[in-house]
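Residue-level structure breakdown
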Amino acid sequence: MNFRPIPTPPELFRQFEAGEMSREELQAAMAIHARGLIDEMLEERKNPITAYLERTRNRAAARRWRQRIGVVRLREVLEALAFIEAFPPAQILWNAGHMDVPLHCFFRTKHEPIFKIKHIEIEPMRVLVRLEYGEASKEQIKREEIVLRRDSKLRLELATRREV
């Protein structure tokens, strides 16, 4: 299992507001997102122990990063990652800036598609992030190093991106 190759909800709404898609196309694309969420909920209901263990691991990962760099910085980094073009984990990171969504929802340690942050180095105008995402097998997981820089409005944006 891998990330779905459809635009994120913010991108869909941007396309709709720009007149690039009709209301029916927007509703159909949002239905695909909703179906994906429902499928995940059904899968968790079928395997409650596995879901509980995954949730516990994801909470631990979120807690670890929250303690190291803080909630605001972590959400800022996740949100910047979500806006990288053709970045598959954007499917789960697109609402990282919403403070009402728990941080553990953005991590996937064992359940496919995987999303793990391995290293974050934060400087005032630059952030280096090493992460893994995709399939659970060690041979197929994608490893990337992404450098984010602050723009003139001090928002993080992609500077460089390379596979490791």
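Structural data are supplied above this passage.
It should be emphasised that the depicted structure is a prediction, and the values quoted were computed from it without experimental measurement.

About the thresholds
Numbering of residues begins from 1 in every chain and follows the order in which that chain's sequence is written. In view of the model being predicted, local features appear only for residues whose pLDDT reaches at least 70, and side-chain atom pairs are presented and counted only at 80 or more, with totals across whole chains, interfaces and linings using the full set of residues. Side-chain measures here rest on the full set of heavy atoms in the structure, leaving out hydrogens and waters. The helix and strand labels rest on DSSP assignments: H or I over at least four residues marks a helix, E over at least two residues marks a strand, and numbering proceeds from the N terminus. Each residue is assigned to one of three classes by its accessible area relative to the maximum for its type, calculated with a 1.4 Å probe on protein chains only: buried under 20%, partly exposed between the two thresholds, exposed over 50%. What the arc measures is the spread of directions leading from the helix axis to the C-beta atoms. Should any heavy atoms of two residues lie within 4.5 Å, those residues are counted as being in contact. Aromatic rings from Phe, Tyr and Trp, with only the six-membered ring used for Trp, were paired whenever their centres fell within 6.5 Å, and each pair was classed as stacked if the ring planes differed by under 30 degrees, edge-to-face if by over 60, and tilted otherwise. Put simply, a charge is over a ring when the Lys NZ or the Arg CZ is close to the ring centre, within 6 Å, and near the line of the ring normal, within 35 degrees. Here the term patch refers to residues with relative accessible area over 30% and no salt bridge, with like charges joined within 9 Å and nonpolar side chains (Val, Leu, Ile, Met, Phe, Trp, Tyr) within 5 Å. Exposure was quantified through the Shrake-Rupley algorithm and a 1.4 Å probe, taking into account, for residues, occlusion by the shown protein chains and nothing else. The salt bridge definition used is simple: a Lys or Arg side-chain nitrogen within 4 Å of an Asp or Glu carboxyl oxygen. Whether two strands pair comes down to DSSP finding at least two bridges between them. Axis lines are fitted through C-alpha atoms, for helices just across the contact stretch, and the angle between N-to-C directions can take any value from 0 to 180 degrees.

1. Let's talk about unusual backbone geometry
In this structure, the amide linkage connecting Glu112 to the following residue, Pro113, adopts the cis form with an omega of -5°. You can see Pro113 is positioned in the loop between α5 (90-93) and β1 (114-122). Even without being glycine, Ala86 reaches a positive phi, approximately 60°. Inspection of the secondary structure puts Ala86 in the loop between α4 (71-82) and α5. Look at Ala86 and you get exposed, because its relative accessible area is 67%. The backbone phi angle of Leu154 is positive, close to 65°, even though this residue is not glycine.

2. With respect to helix α1 (residues 9-17)
Of all the residues in α1, the buried ones are Pro9, Leu12 and Gln15. Around the axis of α1, the buried residues are gathered within 120° of arc, so they sit on the same side. Where α1 is buried, its residues touch α2 (23-46). A positive backbone phi angle near 80° is found at Gly19, which sits one or two residues after α1.

3. Here we look at the packing of aromatic side chains
Aromatic ring pairs are described here by two measures, namely the spacing of the ring centres and the angle between the planes. All told, the structure shown has one aromatic pair when counted by the stated rule. Consider the rings of Phe87 and Tyr133, whose centres lie 5.5 Å apart with planes at 70°: the pair is edge-to-face. One end of the pair, Phe87, is in the loop between α4 and α5; the other, Tyr133, is in strand β2 (residues 126-134), with 46 residues separating them in the sequence. The pair Phe87 / Tyr133 is uniform in exposure class, with both members buried. Of note, Arg68 hangs over the ring of Trp65, and the distance from its end group to the ring centre comes to 4.8 Å.

4. Notes on a nonpolar patch on the surface
Side chains of Leu37, Ile38, Met41 and Leu42 sit close together on the surface and give an oily, nonpolar patch of about 380 Å² of accessible area. Among the structural elements, Leu42 can be located in helix α2. By relative accessible area, which is 44% here, Leu42 ends up partly exposed.

5. A word on the side chain of His104
Structurally, His104 can be placed in the loop between α5 and β1. When its relative accessible area of 15% is taken as the criterion, His104 is described as buried. Those residues in contact with His104 that sit more than four places away from it in its chain are Arg55, Asn58, Arg59 and Ala62.

6. A few points about the sheet that holds strand β4 (residues 156-163)
Here we have four strands laid out as an open sheet, ordered β1-β2-β3-β4, and antiparallel in their pairing. Each edge of the sheet is formed by a strand with only one pairing partner; in this case those strands are β1 and β4. When strand polarity is set aside, the average angle formed by the axes of neighbouring strands in this sheet is 25°. Here strand β3 (residues 142-150) pairs with β4 via seven bridges, running antiparallel.

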